[in-house]
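An overview of the molecular structure
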Amino acid sequence: MSSTVEVEVERSWPIRGSADIVRSEISNKERTAAVHPIEKRDFPDGIPHEEPRRDWAAALTLVEEASEAIRMSAERVTELERAAETQAHQMREDLLMMQRQLQQAQREIAAANMRAEAAEAQASESEAWLMRLDQAITHGFGPVSRRD
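**Quick notes on the overall build of the protein chain**
Looking only at helices and strands, one finds one helix and three strands in the protein chain. Considering the protein chain as a whole, with its 148 residues, one finds that 6% of them fall into the buried category. Counting contacts in the protein chain only where the partners sit at least 6 residues apart, residues at least 24 apart contribute 42% of the total. Accessible surface, the protein chain as shown: approximately 13300 Å² in total, 57% of it carbon and sulfur.

Shown next, in the form of structure tokens:
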């Protein structure tokens, strides 16, 4: 029992296996390929033709090109992984440095706030003493009269 499988073909397939690929034109000019067992193939003109030659050199070239593409792809993936690891390591170092800088800045801000609070307290105390001194002078000596 033989079945026919049709697939779209954009260019000729140089490799042929136990079943050959036969091109046929459809009414809408769409290219298809039908896979038929060799012994049961029907020829469009009814005349058997010479068996197509298998192009082993082309097949080997395709395999070599595919393996080269896979190797290059694997190398690129390795390069990208290394670059990602390097970047991640650098980002971790940068993050740690920024955390240290932030902690130092927070300590400096806390120290500045403590100095500001101390300065405010000293200013308040100085202002209170100045007010007491002013009151002592104003009330203690009484009104000053001037004699010329």
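**A look at the pattern of salt bridges**
The final tally for this structure, using the stated rule, is three salt bridges. With a closest N to O distance of 2.3 Å, R71 and E68 form a salt bridge. With R71 and E68 both in helix α1 (residues 56-140) and three residues apart, this pair spans about one turn of that helix. We classify E68 as partly exposed; its relative accessible area is 33%.

**Topic: the packing of aromatic side chains**
Enumeration according to the criterion identifies zero aromatic pairs in this entry. The ring of W129 has R132 sitting right over it, with the charged end atom 4.7 Å from the ring centre.

**Observations regarding the confidence of the model for the protein chain**
Detailed reading of the predicted coordinates is not advisable wherever pLDDT falls low. Overall, the prediction assigns the protein chain a mean pLDDT of 77, with 60% of residues at 70 or greater. Considering only residues more than four positions removed or in separate chains, one finds that residues 1-40, a stretch of pLDDT under 50, has 64 contacts.

**Points about a nonpolar patch on the surface**
Nonpolar side chains collect at one region of the surface, where L130, L133, I137 and F141 lie side by side and expose about 460 Å² of accessible area between them. Note on placement: I137 falls in helix α1. Taking relative accessible area as the criterion, I137 reaches 44% and is therefore assigned partly exposed.

Here is what the cut-offs are and how they apply
The residue numbers shown here count from 1 along each chain, following its written sequence. In keeping with the model being predicted, local features are shown solely for residues with a pLDDT of at least 70 and side-chain atom pairs are shown and tallied solely at 80 or more, while totals for entire chains, interfaces and linings include all residues. Hydrogens and water are ignored here; the side-chain numbers use all heavy atoms of the structure. Secondary structure elements are taken from DSSP: a helix is a run of H or I of four residues or more, a strand is a run of E of two residues or more, and numbering for both begins at the N terminus. Residue burial is assigned from relative accessible area. The probe radius is 1.4 Å, only protein chains are included, and a residue is buried under 20% of its type maximum, exposed over 50%, and partly exposed in between. Between two residues, a contact is recorded if the distance between any of their heavy atoms is within 4.5 Å. Residue burial considers only the protein chains on display, and all accessible areas are found by Shrake-Rupley using a 1.4 Å probe. Salt bridges are defined by distance alone: a side-chain nitrogen of Lys or Arg within 4 Å of a carboxyl oxygen of Asp or Glu. Stacked, tilted and edge-to-face are the three classes assigned to paired rings of Phe, Tyr and Trp, where Trp is represented by its six-membered ring and a pair needs centres within 6.5 Å; plane angles under 30 degrees give stacked, over 60 edge-to-face, the rest tilted. Should the NZ of a Lys or the CZ of an Arg lie within 6 Å of a ring centre and within 35 degrees of the ring normal, that charge is described as sitting over the ring. Across the chain, each position has a pLDDT score giving the predictor's confidence in that residue, from 0 to 100. For patch building, the residue pool is restricted to those with more than 30% relative accessible area and no salt bridge; the joining distance is 9 Å between like charges and 5 Å between nonpolar side chains (Val, Leu, Ile, Met, Phe, Trp, Tyr).

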